[in-house]
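Here's the letter readout for the chains.
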Amino acid sequence: MRVGVALGLLAVLVLGVPRLFEPSTWVLMEAVRTLGPISGWRCAHGATYTYDPRREQADATLLSQPPEDALSVTVSGVEVDKVEANLRSGDTSVWTRAVRDDGTVEARVYVLSPGRMQRITFDEAPVPTTICNSHLGDWRIVAEHALG
């Protein structure tokens, strides 16, 4: 029994320890250390963060001010279907729809750019690397496109 446990532990060490030294592991650990487990995971593992504000709230660590809130101050009468934030550049797309007076639905996408963000970096690499941007806020509309 002890031999089996020892062999299993040895296999875990041989297979798992090299992964601890991979750059992606260190990047993930830095993002999690800085932003917490969920936001850090999102930051390290994806260039975009997407959510449906009708069903869930924005990650308050990644987006200190939800972009749909800033849009509703400027544009009235729209319902936000989806928000997609680019965590590398900060630019964020907000998909909306509005019912016109004649009953037709108008779909639009707005591109918002943050006036404030915090860069999360991994400074232990040979060249400091930006992992993502977080705490995005102070939004301004930079583009608007009709869909369909």
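Everything discussed here concerns the structure shown above.
Residues numbered from 1 in each chain as written. Predicted model: local features only at pLDDT ≥ 70, side-chain atom pairs only at ≥ 80, totals over all residues. Heavy atoms only, no water.

Chemist: Looking at this structure, I do not really get the overall build of the protein. What am I missing?
Modeler: On a plain count of helices and strands, the protein comes out with four helices and five strands. In the protein, the order of α-helices and β-strands from amino to carboxyl end is α-α-α-β-α-β-β-β-β. With 148 residues in all, the protein has 34% of them scored as buried. Of the accessible surface of the protein, which amounts to about 9,200 Å², a share of 57% is contributed by carbon and sulfur atoms. (Helix = DSSP H or I, 4+ residues; strand = E, 2+ residues; numbered from the N terminus. Buried < 20%, exposed > 50% of the residue type's maximum accessible area, 1.4 Å probe, protein only. Areas by Shrake-Rupley, 256 points an atom, 1.4 Å probe, with all protein chains shown as cover.)

Chemist: What am I meant to see in the packing of aromatic side chains here?
Modeler: Taken as a whole, this structure holds one aromatic pair when the rule is applied. Judged by centre distance (5.3 Å) and plane angle (25°), the ring pair of tyrosine 49 and tyrosine 51 falls under stacked. Under the relative-accessibility criterion, tyrosine 49 is labelled buried at 5%. (Phe/Tyr/Trp six-rings, centres within 6.5 Å; stacked < 30°, edge-to-face > 60°.)

Chemist: What's the story with the sheet that holds strand S4 (residues 105-122) in this structure? I'm lost.
Modeler: Two orientations exist for strands paired in a sheet by backbone hydrogen bonds: parallel and antiparallel. Judged by pairing direction, the sheet is antiparallel, and its five strands sit side by side in the order S1-S2-S3-S4-S5 without closing on themselves. The sheet terminates laterally at strand S1 (48-51) and strand S5 (129-147), the two strands that pair on one side only. Strand-to-strand, the axes of this sheet are offset by a mean angle of 15°, without reference to chain direction. Note that strand S3 (residues 92-99) and S4 share eight bridges and pair antiparallel. Bridging from a neighbouring strand, threonine 96 pairs with arginine 108 of S4. (Pairing = 2+ DSSP bridges. Axes fitted to C-alpha atoms, helices over the stretch in contact; angles between N-to-C directions.)

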